[in-house]
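One letter stands for each residue in the lines below.
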Amino acid sequence: MKKILCVLLVICMAAAVCAFAACGSKKGEAHSSYDIFVIYDEGEQTLSGTVDFSFYNSTDNQLSDLKFNLYGNAFKEGAAYSPVSETYKNRAYYAGASYGGMEITNVENCAGWDVAGEDQNILIVNLVKPVYPEETVKIKISYTLTLAKVNHRTGVTASTVNLGNFYPILCAYTKEGFIECPYYSCGDPFISECANYSVTIDIPESYTAASSGVLKNESVTDGRKKSQYKLQNARDFALVLSDKFEVISEDAGGVTVSYYFINDKNAEQSLTAATESLKYFSQTFGNYIYPSLSVVETGFCYGGMEYPALTMIASGQYLAENIYTIVHENAHQWWYAMVGNNQLTCAWQDEGLAEYSTLMFFENHPDYGYTRSGIVLSATRAYRAFFSVYSQLKGETDTSMTRNLGTFSSELEYSNIAYNKSLVMFDMLRSSVGDDRFVSCLKKYFKSWCGKIAPSDALIAAFKSGGSSAEEMFSGFIDGKIII
């Protein structure tokens, strides 16, 4: 995600975590799957429907229960973890305070179910019988999502309907069990494994849907449009709806890149940045694995937000800012969508790589006006300025990068650790190992972990094999010992 802050661009890094189950199973290519059917009620501003979920047990353990994150309940009134900080409330809640929530109405084919967690944010499903490794079990969840009026991942904006995190999604599984994700306002509080998706949405005929998936079937009856989309091996799935979208598209090496916009007077330039960056990242790191990419201008309180094969770009940005955001969010298709990580504790892993990949794109496309030295200098100055003030106010500073999102004192602190410090770290690492080896290590990391959730040790190991000082440099930055 790209944040808009008073100071500057940002990036972050953290350290070792336990390994996660792969998106594709460890012992085969089978995946869990979501077959979702939802109806959008424009008047009530609700999304209601069902999730037919087929769970493939790719773990080494027999499981008697499944846990799902209910991210929609972050928008309930009185939520313990507000989705929006005080810094962004005016930008987010454009029509005043507004609330939503996700209600589970039934779960079929199970022994029982309950909604738990501080914000009623976890659905626990008790299985009829344990599911063993490499076995599959199917359940059906019925739910209603009430949407707040908010410029956020999930909500109704002035011109669009943002449907990120709009369905119950299985918690990622580690050797400690299922990981529950509190919805911190800081960063992207999500961890998920890849699955196959079939999503059918029923919307007013006048609406256009930007989607993570490829349109497979569509029908219109009595002023309603029913559209089915499919996507394979994806970490999650998102849509954005609007009756005001204009759409332009371009081919990028066999991938259809579509730009959905409402107010962008430089739409062609935005689409060009999207296609050029997708081509560059594919050539530099490894092939983009999805058949399409939707880049969507929408109401959003931050600069942008990434989902597999779909990125949300905030309306109202200046051209240069908009271009930068598009490139950064496209980089997340590699570092988050295809190669996953624990974003709760290792935000640097995807944000840092996305931000530095953005630098690399602009370095190789000088017509956009950004330079490597300029981006690094801006990040360094912003980082030093923040921690100079921070140390005067607090008396001491914690510049370590391995942090739970809930421990950051502010989004500004998070930004300077997660974006700026991480960018400086990757630039120093590149200078140390050399350009060719730096790119080679990233290619190796991508190839080894595409479709999986990579522990931070995996990234460090990829660079360790490319240079003897890499591990020490990572350690110094991550532990906060290196002073910038």
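Keep in mind the model is a prediction, meaning the values are calculated, not measured.

1. Focus on the overall build of the chain
What the chain contains, in helices and strands, is nine helices and 24 strands. Compactness check: the chain gives a C-alpha radius of gyration of 21 Å against a globular reference of 23 Å for 484 residues, within 12% of the reference. Overall, the C-alpha framework of the chain stretches about 60 × 55 × 50 Å when taken along its three principal axes. When burial is assessed residue by residue, the chain has 61% of its 484 residues classed as buried. Taking the intrachain contacts of the chain between residues at least 6 apart in sequence as the baseline, contacts between residues at least 24 apart amount to 73%.

2. Examining the nonpolar core
Membership of the largest hydrophobic core comes to 162 residues, with the highest contact counts inside it found for Y34, Y143, F166, Y167, Y197, F426 and F474. Of all the elements, helix α6 (residues 411-433) adds the most residues to this core, at 10 residues. If we skip the residues at most four places from it in the chain, Y34 touches V51, D52, F53, Y167, P168, I169, L170, A195, N196, Y197 and S198.

3. A short note on the sheet that holds strand β18 (residues 246-252)
Judged by pairing direction, the sheet is mixed, and its five strands sit side by side in the order β18-β19-β20-β22-β21 without closing on themselves. Unpaired on one side and paired on the other, β18 and β21 (304-307) mark the two borders of the sheet. In this sheet, adjacent strand axes meet at a mean angle of 15° when their direction is disregarded. In the sheet, strand β20 (residues 292-298) pairs with strand β22 (residues 310-314) via five bridges, with the strands oriented parallel. Considered in β22, the bridge of V296 is made with M312. Strands in contact with helix α2 (residues 267-285) are β18, β19 (255-261) and β20; relative to β18, the strand with the most contacts, it is inclined by about 30°.

4. Section: helix α9 (residues 470-479)
Think of an α-helix as 3.6 residues a turn; residues three or four steps apart then line up on the same face. Those residues of α9 not exposed but buried are A470, M473, F474, G476, F477 and I478. Its buried side turned inward, α9 meets α4 (347-363), α6 and α8 (456-464). The first or second residue beyond α9 is G480, which carries a positive phi of 85°.

5. Describing empty space enclosed by the protein
Scanning the model with the defined rule gives four cavities of 30 Å³ or more in all. Its boundaries defined by the atoms lining it, the second largest cavity holds a volume of some 70 Å³. Taken together, N69, L70, Y71, N73, A74, Y81, D119, N121, C181, P182 and Y183 make up the lining of the second largest cavity. Looking at the lining of the second largest cavity, its residues break down into seven nonpolar, three polar and one charged.

6. Things to note about the side chain of E297
As for its position among the elements, E297 is in strand β20. For the buried E297, which has no salt bridge, the nearest side chain bearing the opposite charge is K265, at an N-O separation of 8.6 Å. A distance of 3.0 Å separates a polar side-chain atom of E297 from the backbone nitrogen of N263. Of the polar contacts made by the side chain of E297, one reaches the side chain of S315; its length is 3.3 Å. The residues contacting E297, other than those within four sequence positions of it, are T160, F245, Y259, Y260, F261, I262, N263, D264, I313, S315 and G316.

7. Observations regarding unusual backbone geometry
One non-glycine residue with positive phi stands out, namely Q45, at about 55°. Following the sequence through the fold, Q45 ends up in the loop between β1 (32-41) and β2 (46-56). What makes Q45 buried here is its relative accessible area of 18%.

8. Focus on the pattern of salt bridges
Evaluated as defined, the whole model comprises 11 salt bridges. With a shortest N-O distance of 2.7 Å, R153 and D188 are connected by a salt bridge. A residue pair is termed long-range when its members are at least 10 positions apart, and R153 in the loop between β7 (136-146) and β8 (154-156) and D188 in the loop between β12 (177-178) and β13 (195-204) qualify at 35 residues. Of the two residues, R153 and D188, both sit in the buried class. One connected set of salt bridges, linked through shared partners, spans E363, R430 and D435.

9. Some thoughts on the side chain of T200
Inspection of the secondary structure assignment puts T200 in strand β13. With residues up to four places along the chain from it excluded, the contact list for T200 reads I36, F37, V38, K226, S227 and Q228.

Parameters and conventions
- Position labels on residues start from 1 in each chain and follow its written sequence.
- The predicted nature of this model means local features are confined to residues of pLDDT at least 70 and side-chain atom pairs, given and counted, to a pLDDT of 80 or more, with totals for whole chains, interfaces and linings taken over all residues.
- In computing side-chain values, all of the structure's heavy atoms are included and hydrogens and water are not.
- Numbered from the N terminus, helices here are DSSP runs of H or I no shorter than four residues, and strands are runs of E no shorter than two.
- Each radius of gyration is computed over the set of C-alpha atoms, and the globule rule expresses the reference value as 2.2 Å times the number of residues to the power 0.38.
- When accessible area is computed with a 1.4 Å probe and restricted to protein chains, residues below 20% of their type maximum are described as buried, those above 50% as exposed, and intermediate ones as partly exposed.
- We call two residues contacting when some pair of their heavy atoms lies within 4.5 Å.
- Nine residue types can take part in a nonpolar core, namely buried Ala, Val, Leu, Ile, Met, Phe, Trp, Tyr and Cys, and a core is a set of them joined through side-chain atoms within 4.5 Å.
- At least two DSSP bridges between two strands are needed for those strands to be called paired.
- Each axis is a line fitted through C-alpha atoms, and for a helix only the stretch in contact is used; angles between axes span 0 to 180 degrees, taken between their N-to-C directions.
- In this analysis, the protein atoms alone were mapped onto a 1 Å grid. Cavities are point sets where a 1.4 Å probe fits without being able to get out; pockets are open sets with protein on both sides within 12 Å along at least five of seven lines; lining residues have an atom within 4 Å of a point.
- Grid points are joined across faces, edges and corners, and a volume is the space filled by probe spheres set on the points.
- Any residue that is not Ala, Val, Leu, Ile, Met, Phe, Trp, Tyr, Cys, Pro, Asp, Glu, Lys or Arg is counted as polar, Gly included; the first ten are nonpolar and the last four charged.
- The convention is simple: Lys and Arg are positive, Asp and Glu are negative, and His and the chain ends are not counted.
- Salt bridge, as applied in this entry: a Lys or Arg side-chain nitrogen positioned within 4 Å of an Asp or Glu carboxyl oxygen.
- In protein, a polar contact means a hydrogen-donor-capable atom and an acceptor-capable atom, both N or O and within 3.5 Å, with residues adjacent in sequence counting only if both atoms are side-chain atoms; elsewhere, any N or O pair within 3.5 Å suffices.

Don't take any of this as a statement about function, it's just geometry.
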